Amino acid sequence: MEACPHILDVLCPLHAILDPEGRIAHAGPTLSKLRPGRDLAGADAFEVFEVTRPRHVRGMAALLAHAGQCLHLRLRDAPRTKLKGVVVPAPGGDGAILNLSFGISIVEAVRDYALTNADFAATDLAVEMLYLVEAKSAAMEASRQLNLRLQGAKIAAEEQAFTDTLTGLKNRRALEHILERLVVRGARFALMQIDLDWFKAVNDTMGHAAGDQVLQHVARVLVEATRGSDTAARIGGDEFVLVLRDPGGQAEVARVATRIIRRIETPVEVAGRETRISASAGSALSWRYTRPEAERMLADADRALYASKAAGRGRHRFAGQDD
């Protein structure tokens, strides 16, 4: 039996040899590593460990009464690592051998005590299984990150497909989807077509780069003059559409149009030169239709827009409004 501790240190390094009084006669190397600042030899095992199941195990007689059974224990000092164990009587009735394992607490134990393969029996696959779990977790995290990137790329591609690249406003395709949803839901909305006056002169005299800056300025005006629930879209060269959701009434729509036209008429400096343009607008109101249809409303708003141009430009009219 003199070689017994050495043999156990190799075969089951997380063990304790208990004397007949329940004191730790020898602690395996891994068990000693769990309490590096304390010499476990001579310590009362029941002051080091708490047997949580079966309950009421407080001494050697009770412990030996459960020989061969699975015991649930935990260390009394922090960190209070949970352990599983099995006790067997020592040969000749000279105390007992308590063999321990971490069970599902192995992840925390490896972290808390910086355990390595050397702290386990050579045939114990616990740490190798832990490595596999960590590798699987890493692979799952990599897969999750990849899915997030793919989802982000998909969202970005969809957003790009519905965005006018020059102004950042919605494009015609996005407008069609928005109008379709509003019509299907029976929502109350106003549809305003806006066309710039004198814009061709900017392109002809200052170049298309200057014209692009003017279009970007107009886009900012439209966004600033509307609410977050509204939609501003560019559907052509200098053609814009606003969708005002639940605008309140005709008077409010007229105020929005007037505010936009006044802002667009304010001269802006482009490439060191002052540019002057204006805008004409025409609106169709969904509540004026028994059964609103997007195409018909767009056509009616367009006719109202050209009626505004014919009446002198820089103004707004409603569909069906008398000349």
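Refer to the structure printed above.
Cut-offs used in this document
- In every chain, residue numbers begin from 1 and rise along the written sequence.
- With the structure being a predicted model, the display of local features is reserved for residues of pLDDT at least 70 and the display and counting of side-chain atom pairs for 80 or more, all residues being used for whole-chain, interface and lining totals.
- Only hydrogens and water are set aside; all other atoms, that is, all heavy atoms of the structure, feed into the side-chain values.
- Only DSSP runs of H or I with at least four residues qualify as helices, and only runs of E with at least two residues qualify as strands; both kinds are numbered from the N terminus onward.
- Given a helix with a known number of residues, its expected span is that number minus one, times 1.5 Å.
- Throughout, exposure labels follow a simple rule: accessible area from a 1.4 Å probe, protein chains only, divided by the maximum for the residue type, with under 20% read as buried, over 50% as exposed, and the rest as partly exposed.
- When a carboxyl oxygen of Asp or Glu lies within 4 Å of a side-chain nitrogen of Lys or Arg, that pair is called a salt bridge.
- Any two of the Phe, Tyr and Trp rings considered here, Trp counted by its six-membered ring, make a pair once their centres fall within 6.5 Å; the pair's planes then place it as stacked at under 30 degrees, edge-to-face at over 60, or tilted in between.
- Both a distance and an angle decide whether a charge sits over a ring: NZ of Lys or CZ of Arg must be within 6 Å of the ring centre and within 35 degrees of the ring normal.

Would you explain helix 9 (residues 208-224) in this entry?
Note that an α-helix has 3.6 residues per turn; residues three or four places apart therefore point the same way. Given a rise of 1.5 Å per residue, 17 residues ought to cover 24 Å, and the 24 Å separating the end C-alpha atoms of helix 9 matches this to within 8%. Within the span of helix 9, buried status applies to Ala210, Gly211, Val214, Leu215, His217, Val218, Ala219, Val221 and Leu222.

Looking at this structure, how should I read the pattern of salt bridges?
When charged atoms on two side chains of opposite charge get close, those side chains can pair. For the structure on display, the rule yields 19 salt bridges. As a salt-bridge pair, Asp119 and Lys33 come within 2.9 Å of each other at their nearest N and O atoms. One end of the pair, Asp119, is in the loop between helix 5 (106-113) and helix 6 (126-161); the other, Lys33, is in helix 2 (residues 29-34), and 86 residues separate them in sequence. With its nearest N and O atoms 3.8 Å apart, the salt bridge here joins Arg296 to Asp300. Within this pair, Arg296 and its partner Asp300 are both found in helix 11 (residues 294-310), separated by 4 residues, close to a single helical turn. Via salt bridges that share partners, Asp19, Glu21 and Arg23 belong to a single interconnected network.

In this structure, what is going on with the packing of aromatic side chains? I would like to understand it.
The geometry of an aromatic ring pair comes down to the distance between the two centres and the angle between the two planes. Counted by the stated rule, this structure contains 1 aromatic pair. In this structure, Arg173 packs its charged tip against the face of Phe162, placed 4.9 Å from the ring centre. Note that Arg188 overlies the ring of Trp287, its terminal NZ or CZ placed 3.8 Å from the centroid.

From the geometry alone we can't say anything about function, so treat these as descriptive.
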